[in-house]
There are 2 protein chains.
Amino acid sequence: MAELATSHLSQQQCRGKLGAVSDALYVIGGKWKLRIVLALDQGHKRFNEIQRAVTGISARVLSHELKELEINGFVQRKICAERSVVIEYELTEYSSTLQEVLEALSRWGEMHQRKIRTEL
Amino acid sequence: MAELATSHLSQQQCRGKLGAVSDALYVIGGKWKLRIVLALDQGHKRFNEIQRAVTGISARVLSHELKELEINGFVQRKICAERSVVIEYELTEYSSTLQEVLEALSRWGEMHQRKIRTEL
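Attention here is on the structure that accompanies the text. (Residues numbered from 1 in each chain as written. Chains lettered and ligands numbered in written order. Predicted model: local features only at pLDDT ≥ 70, side-chain atom pairs only at ≥ 80, totals over all residues. Heavy atoms only, no water.)

## Examining the relation of the copies chain A and chain B
- Aligned on chain B, chain A shows an RMSD of 0.0 Å; the corresponding rotation is 180° and the shift along the axis is 0.0 Å. Seen this way, the second copy is the image of the first under a two-fold rotation axis. Relative to the rotation axis, the closest C-alpha in chain A is found at Gly-30 of chain A, a distance of 2.1 Å. (Least-squares fit on C-alpha atoms with pLDDT ≥ 70 in both.)

So this is what it looks like as structure tokens:
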């Protein structure tokens, strides 16, 4: 068997780790949340701009995901009223705690892309 | 706006990163896959043992997820024929490439648990 992070841990420590990963995936898992966070990382965006940046997401799902990201403190809605009322979304300070997870996912994704390419 | 991993990157570099994270989430995202990998990390398990370890997963979904993990090279089925035929699942060498992602998710999950606790 290959060794991952938990093989040196006691069963109790392992359960704690499993719980922490489950909790993390409960809040930021799924197909879209981290992609929306990344799309907002270059600056605040309007709803339609986010939808264009996150290829394949429907308006209904994006609206639902944005609400959940807002509840969990990663994204905030900003209402700009100059000529007309414009609603924009931007990242909160708390979203920067996701940096290490995103870097790890990005590195793994690049490695996996290279593996797939050499297998083709 | 808070700063994540991409704010110092050009638009092209940022798209590459977004692509890599999307690819990673496509393969290992979702509610169950990393939890199944973690459950197998302490050693090979039979189907029912995995289902008990991954609380809340149905047999139908577990079967589907195990097939996808097998196709993507993270898990292998092992047929042990001693007295009766027993099918077990175990991690492949390739699954150990997920270590950094799992460590990052686990650390973030622990930090998030502490934050939630102090807010209650």
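And the narrative resumes.
## Brief notes about the nonpolar core
- If you look at the biggest cluster of nonpolar residues, it comprises 58 residues, and the most contacted ones within it are Ile-36 of chain A together with Ile-36 of chain B.
- Element by element, the count of residues in this core is highest for helix H2 (residues 33-40) of chain B, at six residues.
- Setting aside residues up to four positions removed in sequence, Ile-36 of chain B forms contacts with Ile-50, Val-54, Ile-57, Leu-62, Glu-65, Leu-66 and Leu-69 of chain B. (Core = buried A, V, L, I, M, F, W, Y, C linked by side-chain atoms within 4.5 Å. Buried < 20%, exposed > 50% of the residue type's maximum accessible area, 1.4 Å probe, protein only. Helix = DSSP H or I, 4+ residues; strand = E, 2+ residues; numbered from the N terminus. Contact = heavy atoms within 4.5 Å.)

## Brief notes about empty space enclosed by the protein
- By the definition in use, this model includes one cavity of 30 Å³ or more.
- Put simply, the largest cavity is a space of about 70 Å³.
- Around the largest cavity, the lining residues are Leu-25, Ile-28, Gly-29, Gly-30, Leu-34 and Leu-105 of chain A together with Leu-25, Ile-28, Gly-29, Leu-34, Val-101 and Leu-105 of chain B.
- Listing elements by their share of the lining of the largest cavity, those giving two or more residues are helix H1 (11-28) of chain A together with helix H1 (11-28) and helix H5 (99-119) of chain B.
- When its residues are assigned to classes, the lining of the largest cavity shows nine nonpolar, three polar and no charged. (1 Å grid on protein atoms, 1.4 Å probe; cavity = no way out; pocket = protein on both sides within 12 Å on 5 of 7 lines; lining within 4 Å. Points joined across faces, edges and corners; volume = space filled by probe spheres on them. Nonpolar A, V, L, I, M, F, W, Y, C, P; charged D, E, K, R; others polar.)

## Regarding the side chain of Ser-106 of chain B
- Within the fold, Ser-106 of chain B resides in helix H5.
- Given a relative accessible area of 2%, Ser-106 of chain B falls into the buried group.
- Contacts of Ser-106 of chain B, omitting those with residues within four sequence positions, involve Lys-17, Ala-20 and Val-21 of chain A.

## Here's the deal with the layout of surface pockets
Residues and elements named next belong to chain A.
- One number sums up the size of the largest pocket: a volume of about 330 Å³.
- Taken together, 14 residues line the largest pocket, and the ones lying closest to its centre are Leu-25, Tyr-26, Val-27, Lys-33 and Glu-68.
- Ranked by the residues each element gives to the lining of the largest pocket, the list is headed by H1, at four residues.
- For the lining of the largest pocket, the per-class residue count stands at four nonpolar, five polar and five charged.

## A word on H2 of chain B
- Among the eight residues that make up H2 of chain B, eight are buried, leaving the element largely enclosed by the rest of the structure.
- Among all positions of H2 of chain B, only Lys-33, Leu-34, Arg-35, Ile-36, Val-37, Leu-38, Ala-39 and Leu-40 of chain B are buried.

## What to know about the packing of aromatic side chains
- This structure, assessed with the given rule, holds six aromatic pairs over all chains.
- The interplanar angle of 45° and the centroid separation of 6.4 Å between the aromatic rings of Trp-108 of chain A and Tyr-94 of chain B together place this pair among those described as tilted. Of the two residues, Trp-108 of chain A sits in helix H5 (residues 99-119) while Tyr-94 of chain B sits in the loop between strand S3 (85-91) and H5, which places them in two different chains.
- An aromatic cluster is built from Phe-74 and Tyr-94 of chain A together with Trp-108 of chain B, whose rings are joined through pairwise contacts.
- The side chain of Lys-115 of chain B reaches across the aromatic face of Tyr-94 of chain A, ending 4.2 Å from its centre. (Phe/Tyr/Trp six-rings, centres within 6.5 Å; stacked < 30°, edge-to-face > 60°. Lys NZ or Arg CZ within 6 Å of the ring centre and 35° of its normal.)

## So, the pattern of salt bridges
Residue and element names in this part refer to chain B.
- Enumeration over the complete set of coordinates arrives at twelve salt bridges over all chains.
- Linking Glu-68 and Lys-33 is a salt bridge whose minimum nitrogen-to-oxygen distance equals 2.8 Å. Here Lys-33 lies in helix H2 and Glu-68 lies in helix H4 (residues 59-71), a separation of 35 residues in the sequence.
- Taking relative accessible area as the criterion, Glu-68 reaches 30% and is therefore assigned partly exposed.
- For Lys-33, a relative accessible area of 7% corresponds to the buried category.
- Lys-115 is the salt-bridge partner of Glu-119, the closest N and O atoms lying 3.3 Å from each other. In this pair, Glu-119 and Lys-115 both sit in helix H5, four residues apart, roughly one turn of the helix.
- Relative accessible area serves as the criterion here: at 53%, Glu-119 is assigned to the exposed category. (Salt bridge = Lys/Arg side-chain N within 4 Å of Asp/Glu carboxyl O.)

## Quick word on the sheet that holds strand S2 (residues 75-81) of chain A
Residues and elements named next belong to chain A.
- Sheet architecture is open: three strands sit in the order S1-S3-S2, paired in antiparallel fashion. The open sheet is flanked by strand S1 (45-46) and S2, the only strands paired with a single partner.
- Pairing of S2 with strand S3 (residues 85-91), which is carried by seven bridges, proceeds in the antiparallel orientation. Bridging across to S3, Ala-81 finds its partner in Val-85.
- Packing against the sheet, helix H4 (residues 59-71) makes contact with S2 and S3, and its axis sits at approximately 105° to S2. (Pairing = 2+ DSSP bridges. Axes fitted to C-alpha atoms, helices over the stretch in contact; angles between N-to-C directions.)

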